[in-house]
Amino acid sequence: MSTTTPLKLHVQTRDIVQLVLVSMAWQILSFYSGLPFDSPEAHQLNKVIFETIYYHALKMSCELAKRDDPYDTYEGSPILSRGILQPDMWGVVPSNRWYWDALRKMIARNGVRNTVVLAPVPSSLTS
């Protein structure tokens, strides 16, 4: 009997890893900290959490690309190969919590290993 799981098979055959997130974590933090879910503080907490996850997911993907090469069609790809990150597409300036300029330079030098680094799942919990 094979021990290959569907996830392992998907990663082996496509070399794509997608991190799927359910944002219950920030809701739990909001709940236990006493923040109302629709408060400005809860919205800020959500931004901080997802900005942090996005930054580190991109950074890790870049580190993997340095070791294992970028994904096959990275060169000439319309977004990341041109240094365009998600906040750029949204017209949002990221916080100065992380080293965005350094990350852009790393990506320009090494590429990224994954075509998709985050895929937050909308659900009744996140709507």
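The structure presented is a predicted model; accordingly, all values stated were derived computationally and were not measured. (Residues numbered from 1 in each chain as written. Predicted model: local features only at pLDDT ≥ 70, side-chain atom pairs only at ≥ 80, totals over all residues. Heavy atoms only, no water.)

A. Broad picture of the overall build of the chain. Regarding its fold elements, the chain presents five helices and two strands. Order of helices (α) and strands (β) in the chain, N terminus to C terminus: α-β-α-α-α-α-β. Among the 127 residues that make up the chain, the fraction classed as buried is 27%. For the chain, contacts bridging at least 24 residues in sequence account for 72% of all contacts bridging at least 6. (Helix = DSSP H or I, 4+ residues; strand = E, 2+ residues; numbered from the N terminus. Buried < 20%, exposed > 50% of the residue type's maximum accessible area, 1.4 Å probe, protein only. Contact = heavy atoms within 4.5 Å.)

B. Focus on the packing of helix α3 (residues 40-68) against helix α5 (residues 100-110). Where α3 contacts α5, the axes come no closer than 9 Å and their chain directions differ by 30°. Here α5 runs roughly parallel to α3, going by the angle between their axes. Between α3 and α5 the crossing geometry is left-handed. Within the contact between the two elements, α3 uses E51, Y54, Y55, L58, K59, C62, E63, A65 and K66 and α5 uses W100, L103, M106, I107 and N110. For the contact of α3 with α5, the class distribution of residues is nine nonpolar, one polar and four charged. (Axes fitted to C-alpha atoms, helices over the stretch in contact; angles between N-to-C directions. Parallel < 35°, antiparallel > 145°, perpendicular 65-115°, else oblique. Left-handed = near helix turned anticlockwise from the far one by under 90°. Nonpolar A, V, L, I, M, F, W, Y, C, P; charged D, E, K, R; others polar.)

C. Molecular detail of α5. Listed as buried for α5 are W100, L103, M106, I107 and N110. Along the long axis of α5, the arc covered by the buried residues comes to 115°, so they all point the same way. Exposed positions of α5 whose direction lies more than 90 degrees from the buried face are D101, K105, A108 and R109. On its buried side, α5 packs onto α3. The positive-phi residue at the C-terminal boundary of α5 is G111, with phi of around 80°. (Arc of directions from axis to C-beta.)

D. Structural context of the pattern of salt bridges. Scanning the model with the defined rule gives three salt bridges in all. The salt bridge partner of R104 is D88, with a shortest N-O separation of 2.9 Å. Taken as a pair, R104 in helix α5 and D88 in helix α4 (residues 86-90) lie far apart in primary sequence, 16 residues in all. (Salt bridge = Lys/Arg side-chain N within 4 Å of Asp/Glu carboxyl O.)

E. Representation of the environment of L29 in the model. Positionally, L29 belongs in helix α2 (residues 24-33). For the pair L29 and N46, spaced 17 residues apart in sequence, the C-alpha separation works out to 9.7 Å. Residues in contact with L29, not counting those within four places in the same chain, are L45 and I49.

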